[in-house]
Amino acid sequence: MRRQLLSQHLVHVLMNNSAIGSAPSKPTRDPGLPPDTLLKWYDEMLLIRRFEEKSAQLYGMGKIGGFCHLYNGQEAVSTGSLGAINPEDYVITAYRDHGLAISKGVDPRAILAELLGKHTGTTKGKGGSMHIFDREKNFLGGHAIVGGHIPIAAGVAFASKYRGEKRVCLCFIGDGATNIGTFHESLNLAALWKLPVIYIIENNKYGMGTAVARASAVEELHQKAAAYDMRNEVVESGYDVLAVHKAVKAAVDHARATYEPSLLEIQTFRYRGHSMSDPVSGHYRTKEEVETQKKLDPLVVFAESLKRDGLASDEYFENAEKRIKAVVDECVEFAENSPEPPADELWKDVYFERGGF
Ligand SMILES: Cc1ncc(C[n+]2csc(CCOP(=O)(O)OP(=O)(O)O)c2C)c(N)n1
Ligand SMILES: [Mg+2]
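Residues numbered from 1 in each chain as written. Chains lettered and ligands numbered in written order. Predicted model: local features only at pLDDT ≥ 70, side-chain atom pairs only at ≥ 80, totals over all residues. Heavy atoms only, no water.

1. As for the overall build of the protein chain
Point 1. In terms of regular secondary structure, the protein chain is built from 12 helices and seven strands.
Point 2. Counting contacts in the protein chain only where the partners sit at least 6 residues apart, residues at least 24 apart contribute 75% of the total.
Point 3. For the protein chain, the exposed surface amounts to about 16,400 Å²; the carbon and sulfur share of it is 55%.
Point 4. For the protein chain, the separation between the mean place of its 42 positive charges and that of its 47 negative charges on side chains is 2 Å. (Helix = DSSP H or I, 4+ residues; strand = E, 2+ residues; numbered from the N terminus. Contact = heavy atoms within 4.5 Å. Areas by Shrake-Rupley, 256 points an atom, 1.4 Å probe, with all protein chains shown as cover. Lys, Arg positive; Asp, Glu negative; His and termini not counted. Charge placed at Lys NZ, Arg CZ, Asp CG, Glu CD.)

And the structure:
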């Protein structure tokens, strides 16, 4: 209830604040963040949005098969979080993975090729949308089983600590996944063994068609950390890339200094249906709810804050649209012109044969 009131309050502030167009006035920019970085973040968020829109279009044309879960609306979580880590740090997530892969620097052409089932895709066209993976970029998936990747993140963090490294692991979890057994087992061990993993709940308020309140005995999801005496924080303005970045940066700094884990809950919203097979609202949420949430569009909020701080003009945003459109067009051209996997690929990479990660 408190959150609903807060969200209504923010929408009210947005709609009535003529001086700043459509953006809330807080939080203000961290002066330590260079303008170039902020503009790069904006471009990245725009790329994620346009990439997902193109994916939806290609899906509708029958060029993408199987499951496909889009990230529209959650861009500030991806960009803000991954803006707080280094290339050698790890990221692991569930099946809603395109945006996080883009933020981790995975080649968007290879991501789209994977969606189209092409040999040039990130998993050679055999994994599809839910299994984007790039070992070189330390992007460890893309996992389809809800909760399946949560213990893997603890293992990755264990390896980092065991080797005396300072690499952290960001593990993204849906709100629904916090009700799965592996979530609790993993948090317990991460806290007990002091593992440098930051669990980030992307609370988009629904697990498929089930609202958080109907699936979880505890609605304030970050409070689940209390059972394991784990550092935790909630970001109610998950549409604000700067607020997300601040919370994740604090957790990352803490993990590097102490090896201790954190659980962050970032409140966000997905604009589309659960997957491409679902309608935008369906029976479980109303059009009004979706429209209300869209007034807190992360791209609009960020653009307004950049303008307000004098870091970008309308011209910048117009050019950004053109630049990003060219990138997405290149992805489509690359993916469409790439070959299908050859038949002898069928049995390759099915089982891991030797070596370590
Ligand atoms: C173990 C398991 N149970 C059920 C499913 C079917 N399933 C796919 S997504 C999903 C909902 C998960 O919701 P949430 O964790 O909130 O993530 P979101 O889709 O909102 O990003 C379910 C139940 C699954 N993939 N794996
Ligand atoms: Mg969810």
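That covers the picture; the talk isn't over yet.
2. Regarding the coordination of the magnesium ion (ligand 2)
Point 1. Within the protein, the atoms that donate to the magnesium ion (ligand 2) are D175 (OD), N204 (OD1) and Y206 (O), at distances of 2.1 to 2.3 Å.
Point 2. Donor residues for the magnesium ion (ligand 2) sit on one chain with the sequence pattern D-x28-N-x1-Y. With D175 in the loop between β2 (169-174) and α7 (181-192) and N204 in the loop between β3 (197-203) and β4 (206-207), this pair connects stretches of sequence that are 29 residues apart. With respect to burial, D175 and N204 carry one shared label: buried. (Donors = N, O, S within 2.8 Å, 3.2 Å for Na, K, Ca; no water. Buried < 20%, exposed > 50% of the residue type's maximum accessible area, 1.4 Å probe, protein only.)

3. Side note on the nonpolar core
Point 1. The biggest cluster of nonpolar side chains holds 60 residues, and the ones touching the most others in it are Y42, L112, L170, I198, V248 and F302.
Point 2. When residues in this core are grouped by element, the largest group, 10 residues, is from helix α2 (residues 35-60).
Point 3. Beyond its immediate sequence surroundings of up to four residues, V248 is in contact with S81, A84, L170, I200, L264 and I266.
Point 4. Grouped together as the second largest cluster of nonpolar side chains are 26 residues, A157, L195, V197 and V212 included. (Core = buried A, V, L, I, M, F, W, Y, C linked by side-chain atoms within 4.5 Å.)

4. Quick look at the side chain of S186
Point 1. Examined against the element boundaries, S186 turns out to sit in helix α7.
Point 2. Polar side-chain contacts of S186 include one of 2.6 Å to the backbone oxygen of T182.
Point 3. The contact partners of S186, leaving out residues within four places of it in the chain, are I150, P151 and Y199. (Polar contact = N/O pair within 3.5 Å; in protein donor to acceptor, adjacent residues only side chain to side chain.)

5. Focus: the site of ligand 1
Point 1. Around ligand 1 lies a shell of 14 residues, among which Y95, R96, G176, N204 and Y206 are the nearest.
Point 2. Interatomic distance of 2.7 Å between a side-chain N/O atom of Y95 and an oxygen atom of ligand 1.
Point 3. With respect to ligand 1, the backbone of A177 contributes an N or O atom lying 3.1 Å from an oxygen atom.
Point 4. In the complex, the protein chains occlude 70% of the 580 Å² of accessible area that ligand 1 would expose alone. (Near = heavy atom within 4 Å.)

6. A word on unusual backbone geometry
Point 1. Each neighbour pair has its own omega, and for G141 with G142 the value is 25°, a cis peptide bond.
Point 2. The backbone of K124 shows a phi angle near 60°, a positive value even though the residue is not glycine.
Point 3. Residue position: K124 is located in the loop between α5 (108-115) and α6 (150-162).
Point 4. The partly exposed category is assigned to K124, whose relative accessible area is 34%.

7. So, the packing of aromatic side chains
Point 1. Under the counting rule described, the total for this entry stands at six aromatic pairs.
Point 2. Where Y206 meets Y284, the ring centres are 5.1 Å apart and the plane angle is 65°; that geometry is what we call edge-to-face. Of this pair, Y206 sits in strand β4 while Y284 sits in the loop between β7 (262-267) and α10 (287-294), and the two are 78 residues apart along the sequence.
Point 3. Y206 sits in the buried class, given a relative accessible area of 9%.
Point 4. Accessibility expressed as a relative area gives 23% for Y284, which makes it partly exposed.
Point 5. Relative to F317, the ring of Y316 has its centre 5.6 Å away and its plane inclined at 90°; by these criteria the two rings are edge-to-face.
Point 6. Taking relative accessible area as the criterion, F317 reaches 11% and is therefore assigned buried.
Point 7. Aromatic rings pair up to connect Y42, F302, Y316 and F317 into one cluster.
Point 8. R109 extends its terminal NZ or CZ atom over the ring of F334, reaching a point 4.8 Å from the ring centre. (Phe/Tyr/Trp six-rings, centres within 6.5 Å; stacked < 30°, edge-to-face > 60°. Lys NZ or Arg CZ within 6 Å of the ring centre and 35° of its normal.)

8. Regarding helix α12 (residues 314-337)
Point 1. Taking 1.5 Å per residue as the helical rise, α12 with its 24 residues ought to reach 34 Å, and the 35 Å between its terminal C-alpha atoms agrees with that figure.
Point 2. Inspection of α12 places Y316, F317, A320, I324, V328, C331, V332 and A335 among the buried residues, and these make up the whole buried set.
Point 3. Summarising the contacts, the buried residues of α12 are in contact with α2, α5 and α11 (298-308). (Expected span 1.5 Å × (residues − 1).)

9. Considering the pattern of salt bridges
Point 1. Per the counting criterion, the structure on display carries 18 salt bridges.
Point 2. A salt bridge links K307 to D314; its shortest N-O distance comes to 3.0 Å.
Point 3. On the accessibility criterion, K307 (31% relative accessible area) is partly exposed.
Point 4. When the shortest N-O distance is used, the salt bridge between D329 and K325 registers 2.9 Å. Note that D329 and K325 are positioned in helix α12 at a spacing of four residues, about one turn of the helix.
Point 5. Taken together, the salt bridges that share partners define one network made up of R49, E75 and D297. (Salt bridge = Lys/Arg side-chain N within 4 Å of Asp/Glu carboxyl O.)

10. Section: the environment of E233
Point 1. Its location among the elements puts E233 in strand β6 (residues 231-235).
Point 2. The contacts of E233, once residues within four sequence positions are left out, are H222, A247, L263, L264 and E265.

Structural measurements only, silent on function.
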